[in-house]
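Chains, contacts and geometry: an overview
Read off the chains here:
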Amino acid sequence: VDPGLMIPLDRFPDVKDKGTWFRAMFGPPEKEWQKGFMFFMRYIHTVVPLLLVADAAIAAHRPCAWEEELRAGLLLAASYLSWNFLCWALLRFPPYPLQKEIYGLGAVPALLVYIALVVFLIGLLFHCRMLRLLEGYWSLSVLSCTIGVVVWATAGLVPFKASVVRFQGLDPKVVLNGSKQSTPRNE
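Residues numbered from 1 in each chain as written. Predicted model: local features only at pLDDT ≥ 70, side-chain atom pairs only at ≥ 80, totals over all residues. Heavy atoms only, no water.

For the rest of this paragraph, the subject is the packing of helix α4 (residues 66–91) against helix α6 (residues 107–133). Where α4 contacts α6, the two axes come as close as 10 Å, and the packing angle between them is 140°. Considered as vectors, α4 and α6 are oriented oblique to each other. Crossing handedness for the pair α4 and α6: right-handed. Note on element contacts: α6 touches α4 through Tyr114, Val118, Leu121, Ile122, Leu125, Phe126, Arg129 and Arg132, opposite Trp66, Glu69, Leu70, Gly73, Leu74, Ala77, Leu81, Phe85 and Trp88. (Axes fitted to C-alpha atoms, helices over the stretch in contact; angles between N-to-C directions. Helix = DSSP H or I, 4+ residues; strand = E, 2+ residues; numbered from the N terminus. Parallel < 35°, antiparallel > 145°, perpendicular 65-115°, else oblique. Left-handed = near helix turned anticlockwise from the far one by under 90°. Contact = heavy atoms within 4.5 Å.)

Set out below in structure tokens:
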């Protein structure tokens, strides 16, 4: 949830303030560009992932064999990671600053993090498969929980939004009330 780990702030010399980026991601936006950015981030991190959930919940799909779905999911993960690392090599900086932090831990911890992400993906694959297999109230309860978690995370983890802001070293009153003075505390 730390904008400094998701956005290469050094590539945007005009806006290096983490509080400004936090408001651009979770609100309340102060500037016009923040509104557009916030709506784009919500679209890409809420609507797009929920399309898989909606497809599984609305359309009747006969699931493939688990091994086939797993192979397809792992192929997708390998394709994304290959694209990500290719961009990193070509641009000479990681697409996400968090990757630089992970890489700084060493090769083995970085590999373990990427393995954990793939395991998380397998869990998501299984979850989407269950959405297609379950019927009636079970399907509705799983679907409701999924939508709730995605929307909650996208909205800034309310009611823990102030704690998230504080964890980043920012003053919650300044960031959440939209004041322009959102410099990190203790600096």
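Counting 13 residues, the largest nonpolar core has Ile7, Trp21, Phe22 and Met25 as its most contacted members. Of all the elements in the fold, those that place two or more residues in this core are α2 (18–26) and α8 (161–167). The dominant element in this core, judged by the number of residues it contributes, is α2, at five residues. Counting seven residues, the second largest nonpolar core, distinct from the first, contains Leu50, Val53, Val142 and Leu143. (Core = buried A, V, L, I, M, F, W, Y, C linked by side-chain atoms within 4.5 Å. Buried < 20%, exposed > 50% of the residue type's maximum accessible area, 1.4 Å probe, protein only.)

Quick look at unusual backbone geometry now. Even without glycine at this site, Arg92 takes up a positive phi of about 65°. Given the relative accessible area of 73%, Arg92 is considered exposed.

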